[in-house]
Amino acid sequence: MSGTMRKDIKTGQSVSIVLKKDQRTGNLTKGVVKDILTKSPQHPHGIKVRLEDGQVGRVKEIH
């Protein structure tokens, strides 16, 4: 499942995000959602979240 819809993402969920520094390479970082930062119901590049370890990026995959 892609991470473009806010309703599909819940805190405590395991996701893969792309960090700002990895946008060119597309490297994914796995983690657990702590906060959902995007307020709109959807975003074409993925909903922005903060992981429990503090990293911020856009969701590309929901596990």
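Residues numbered from 1 in each chain as written. Predicted model: local features only at pLDDT ≥ 70, side-chain atom pairs only at ≥ 80, totals over all residues. Heavy atoms only, no water.

Some remarks on the overall build of the chain
Stated formally: Working definition: helices are DSSP H or I runs of at least four residues, strands are E runs of at least two. Numbering for both runs from the N terminus. Atoms considered for the radius of gyration are the C-alpha atoms alone. The globule rule reads 2.2 Å times the number of residues to the power 0.38. Think of it in three bands: with a 1.4 Å probe and only protein chains considered, a residue is buried below 20% of the maximum accessible area for its type, exposed above 50%, and partly exposed in between. Contacts: residue pairs with any heavy atoms within 4.5 Å of one another. Residue burial considers only the protein chains on display, and all accessible areas are found by Shrake-Rupley using a 1.4 Å probe. His residues and chain termini do not enter the charge count, which takes Lys and Arg as positive and Asp and Glu as negative. Taken as the charge centre is NZ of Lys, CZ of Arg, CG of Asp or CD of Glu, depending on the residue.
Check the secondary structure of the chain and you find 0 helices and 4 strands. Secondary structure elements in the chain, listed N-terminal to C-terminal, are β-β-β-β. For 63 residues, the compact-globule estimate of 2.2 N^0.38 gives 11 Å, and the C-alpha radius of gyration of the chain, at 10 Å, lies within 12% of that figure. Oriented by its inertia axes, the alpha-carbon framework of the chain measures out at about 25 × 25 × 20 Å. Per-residue burial for the chain yields a buried fraction of 35% across its 63 residues. Restricting to contacts in the chain with at least 6 residues of sequence separation, those with at least 24 account for 49%. Approximately 4000 Å² of the chain is accessible, and the part contributed by carbon and sulfur atoms is 50%. With 13 positive and 6 negative side-chain charges, the chain shows a separation of 7 Å between the mean positions of the two kinds.

A short note on the environment of Ser-16
Mapping Ser-16 onto the fold places it in strand β1 (residues 14–19). Ser-16 has contacts with Leu-28, Thr-29, Lys-30, Arg-58, Val-59, Lys-60, Glu-61 and His-63, leaving out every residue within four places of it along the chain.

Notes on the pattern of salt bridges
What counts, and what does not: Salt bridges are defined by distance alone: a side-chain nitrogen of Lys or Arg within 4 Å of a carboxyl oxygen of Asp or Glu.
Counted by the stated rule, this structure contains 3 salt bridges. Of the charged contacts in the structure, one is a salt bridge between Lys-7 and Asp-8, with a shortest N-O distance of 3.4 Å. Judged by relative accessible area, Lys-7 falls into the exposed class, the value being 57%. For Asp-8, a relative accessible area of 22% corresponds to the partly exposed category. For Asp-35, the salt bridge is made with Arg-50, and the minimal N-O distance between the two is 2.8 Å. Linking Asp-35 in strand β2 (residues 29–36) with Arg-50 in strand β3 (residues 48–51), this pair joins segments that are 15 residues apart in sequence. The partly exposed category is assigned to Asp-35, whose relative accessible area is 28%.

Brief notes about the pairing of β1
Convention followed: Two strands are counted as paired when DSSP detects at least two bridges linking them.
Of all 6 residues in β1, 5 are buried, a share of seventy percent or more. Judged from the 4 bridges that link them, β1 and β2 form a sheet pairing that is antiparallel. Directly across from Val-15, in β2, lies its bridge partner Gly-31.

These figures come from the coordinates and say nothing about function on their own.
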